[in-house]
Amino acid sequence: MSCSKLGNLPELTYDVIKYFQNDYSTLHSCVLVNRLWCRLAIPLLWENPFSIPTENYNFIEIYLHNLNGELKTKFNEHEINEILLPSNTLFNYPSFIKYLDLLKFSTSVRKWFYNAKIINLKLVEDTKKLITISLLKIFIENEVNLHTFEININNYIIYIEDILELTLQNPNFIRNIKNLKISILTRFRNNGSLIDNLILQVIKLHQNLKKVILSYYNLPFYQSLLLSKDYNCSNTLNIITLYQVNFSGINKIFEQLNVLESVHIIHCENLNTSFIQQILNLTKPFKLKSLFINAISNIDESLLLLLQKSGGYLKNFSVDRLTYFESELIQQILALVMKYCKNIEFLGIYGITYENVYPVLNLIENIKQNLNCLSVSCVLDNSTSSILLQNLGQILPSKLEYLDLTLGIEISDFKVFLKNTQGTFIKKLLIRDSIRKTNYNLLRHLKKYIMKEKRVRYLNFRNLHKELFDYRDIVKEFKSHNVRVQKYNDLHFDMYQFMQKLD
């Protein structure tokens, strides 16, 4: 159907354009078709601008066009150049916003501020604060109805107290939020008690918290939030992620959460009998979707009972530093995961030894029907790495989103691995040689089995000294075959982003 025919059917046209909701390049093209398409595409382009992956933050200047007289006066006092602010705009862009993540919001303002070359450097912090608060006021004055509002507390967000106080001064702004999400991911905070109190006030006013990420040890706050009837979490909270929380002294936090659909436990302390027994005593299903354990988890045999109770729900599983655990317990854990956890999509096993390399391989083979992301590392032992490389390729699924290998690499073993993975497409492949400073002989095999066969979209190989991204000519050569070599750290698993996406 041609564009002109679609133009006569506005509802159908909108349905077509909405299909490209997160395809920003296509939406920009839609804006140029005609007036109708422009009017339909612009709101989609502006509903989540702070999350668009770009280094261009000039859209903030368009928002600032909507400053009222009082705020314009303050901008003049801070010597903000009026040339930065457009004199006229075609749409009321602030009214379109639907998603507001405070961390991305704060980061975007900070980056725009430094790119905009604000004149008065003596008032840097005051001016950044003014811009941040002014933008939020613009959204509030436009009476926006947010689909999702994410409050992220970490070491990178600024002016959080002022932001929370402003939202509390405008209760309708909070009540009109459809989905409220809270993430607390910092151990040490200035004015921590004050911020906690402000967050609790927001939740109490909203009365419909759906998702929360809690981290580290702040027992009074957690218990107030989860157990008190004031915040209505027992009837609204669907998703809870606990990251590096110390479970010592925490009692009955799950009993009253009546609509809980997902629990994610990641590198928490004291995941032992006293805490697990509380879960085992629950009469309702305990939908444990993620379980990451390491040395501080202080696990014991009660974990085996937890896997039996909730293993069918588990989608993400990781064990870090296998050498810290008793060999027999690890063998039992791997066996139970293989038996009860058939829906695993993310698997991370780190510190694989000769004793458990075959159980790990058996586990991978038995869960591969749903496996999407795999990250493994071996101890500094060539024999263990050799066994893994010689056997891993032939048991991988036909498609992986992410594969991350850290091991000692011998050329012959690596060649076997690459040959055996010829039937697997891997979107992101990271390989790290943990023993050698240089291993240039691997490059020709990477070119033969990965570059020329186009079985990988994003790639990085690194050793103790350098990484593939450091060689521009090689990066260009791979790119010519539609394989993008990127920085190791840009491709590597990001725990913060992972937790934000959990559902």
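Basis of the calculations
- Residues numbered from 1 in each chain as written.
- Predicted model: local features only at pLDDT ≥ 70, side-chain atom pairs only at ≥ 80, totals over all residues.
- Heavy atoms only, no water.
- Helix = DSSP H or I, 4+ residues; strand = E, 2+ residues; numbered from the N terminus.
- Rg over C-alpha atoms; globule rule 2.2 N^0.38 Å.
- Buried < 20%, exposed > 50% of the residue type's maximum accessible area, 1.4 Å probe, protein only.
- Contact = heavy atoms within 4.5 Å.
- Areas by Shrake-Rupley, 256 points an atom, 1.4 Å probe, with all protein chains shown as cover.
- Lys, Arg positive; Asp, Glu negative; His and termini not counted.
- Charge placed at Lys NZ, Arg CZ, Asp CG, Glu CD.
- Pairing = 2+ DSSP bridges.
- Right-handed = clockwise from strand over helix to strand, strands pointing away.

Asker: Describe the overall build of the chain, and please don't skip the residues or the numbers.
Answerer: Along its length, the chain carries 23 helices and 14 strands. Its C-alpha radius of gyration of 26 Å places the chain within 12% of the 23 Å reference for a compact globule of 503 residues. Projected onto its principal axes, the C-alpha positions of the chain cover 70 × 55 × 55 Å. Buried positions account for 51% of the 503 residues belonging to the chain. Taking the contacts inside the chain whose residues are at least 6 apart along the sequence as the reference set, 77% of them involve residues at least 24 apart. Taken as a whole, the chain presents about 23,800 Å² of accessible surface, with 47% of it coming from carbon and sulfur. Averaged over its 57 positive side-chain charges, the chain has a centre that lies 6 Å from the centre of its 46 negative ones.

Asker: An account of unusual backbone geometry is requested, with residue identities and associated values reported.
Answerer: Positive phi, normally seen in glycine, also occurs at Glu-143, with a value near 50 degrees. Checked against the element boundaries, Glu-143 lands in the loop between helix H8 (124-141) and strand S2 (148-153). Here Glu-143 falls in the exposed class, since its relative accessible area comes to 65%. Positive phi, normally seen in glycine, also occurs at Lys-454, with a value near 55 degrees.

Asker: I'd like to hear about the pairing of strand S6 (residues 262-266), residue by residue, with values.
Answerer: One face of the sheet, then the other: side chains in a regular strand alternate in exactly this way. Within S6, five of the five residues are buried, which leaves it mostly tucked inside the rest of the structure. The alternating pattern of S6 places Ser-262, His-264 and Ile-266 on one face and Val-263 and Ile-265 on the opposite face, and all of these are buried. Pairing of strand S5 (residues 239-243) with S6 involves five bridges; the strand directions are parallel. For Ile-240, the partnering residue across the bridge sits in S6 and is Val-263. Looking at chain direction, S6 and strand S7 (residues 288-293) are connected through four bridges and run parallel. By the bridge assignment for S7, Val-263 is matched with Leu-288. Following the backbone out of S6, through helix H14 (residues 273-280) and into the adjacent parallel S7, one traces a crossover that is right-handed.

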